[in-house]
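The lines below spell out each chain.
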Amino acid sequence: MSPDQPLLAASAVRLGLTAKDKADALRQCGEVLVEIGAATEEYAAALHEREKSISTFVGEGVSIPHGTNESREHINRAALAYLQFPDGVDWDGETVTVCIPIASKSEEHVDILSALAQVLMDPAQAAALRDAESVDSVLALLSPQNPKD
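Residues numbered from 1 in each chain as written. Predicted model: local features only at pLDDT ≥ 70, side-chain atom pairs only at ≥ 80, totals over all residues. Heavy atoms only, no water.

### Points about the pattern of salt bridges
A side chain of one charge can pair with a side chain of the opposite charge when the charged atoms of the two come close. The full count for this structure, using the stated rule, is 7 salt bridges. Residue lysine 22 is joined to aspartate 92 by a salt bridge in which the shortest nitrogen-to-oxygen separation is 2.8 Å. Remark: aspartate 92 occurs in the loop between strand S5 (82-91) and strand S6 (94-99) and lysine 22 occurs in helix H1 (residues 22-35); sequence separation between them is 70 residues. Classification of lysine 22 by relative accessible area gives buried; the value is 16%. Of the charged contacts in the structure, one is a salt bridge between lysine 52 and glutamate 49, with a shortest N-O distance of 3.2 Å. With a gap of 3 residues between them, lysine 52 and glutamate 49 both fall in helix H2 (residues 41-53), about one helical turn apart. In this structure lysine 52 comes out as exposed when scored by relative accessible area, which is 65%. Looking at glutamate 49, the relative accessible area reads 42%, which means it is partly exposed. (Salt bridge = Lys/Arg side-chain N within 4 Å of Asp/Glu carboxyl O. Helix = DSSP H or I, 4+ residues; strand = E, 2+ residues; numbered from the N terminus. Buried < 20%, exposed > 50% of the residue type's maximum accessible area, 1.4 Å probe, protein only.)

### Some details on the packing of H1 against H2
The N-to-C vectors of H1 and H2 enclose an angle of 150°; their axes lie 8 Å apart at closest approach. Taken together, the axes of H1 and H2 lie roughly antiparallel to each other. Considering how the two elements wind past one another, H1 and H2 form a crossing that is right-handed. Only Glu41, Tyr43, Ala44, Leu47, His48 and Glu51 of H2 make contact with H1, whose side of the interface consists of Lys22, Ala23, Leu26, Arg27, Cys29, Gly30, Leu33 and Val34. (Axes fitted to C-alpha atoms, helices over the stretch in contact; angles between N-to-C directions. Parallel < 35°, antiparallel > 145°, perpendicular 65-115°, else oblique. Left-handed = near helix turned anticlockwise from the far one by under 90°. Contact = heavy atoms within 4.5 Å.)

Encoded structure:
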């Protein structure tokens, strides 16, 4: 991973989206990963396959869609995206307002998931993540280089 391609780039942050259902939200997640060059259409399709076997809902209105282990060969580079659905998406009875799709062949994404876990454990920061109004605020919240001390 090069410094000019961070795991979560500004180009992968999408605010104020709408989705008619979970499948539509997953489709949009896959499209962003493909658009930023992180994965292929085959990996995007695998987001739906993963969701059929286990929900990627993690709480606090957040889902972390990712492909199946078999689909990792369709990943070009490690990356994350942030898609915000302010009106919420029904996720098997839960309401998801933020999807953070992951494309990763190994452990490159662990630092940012750790930062996400810290955000989700703090109700005020979790609300800030759900209600983010700017790309910069999303990047600041999910940046592992900015420990909240």
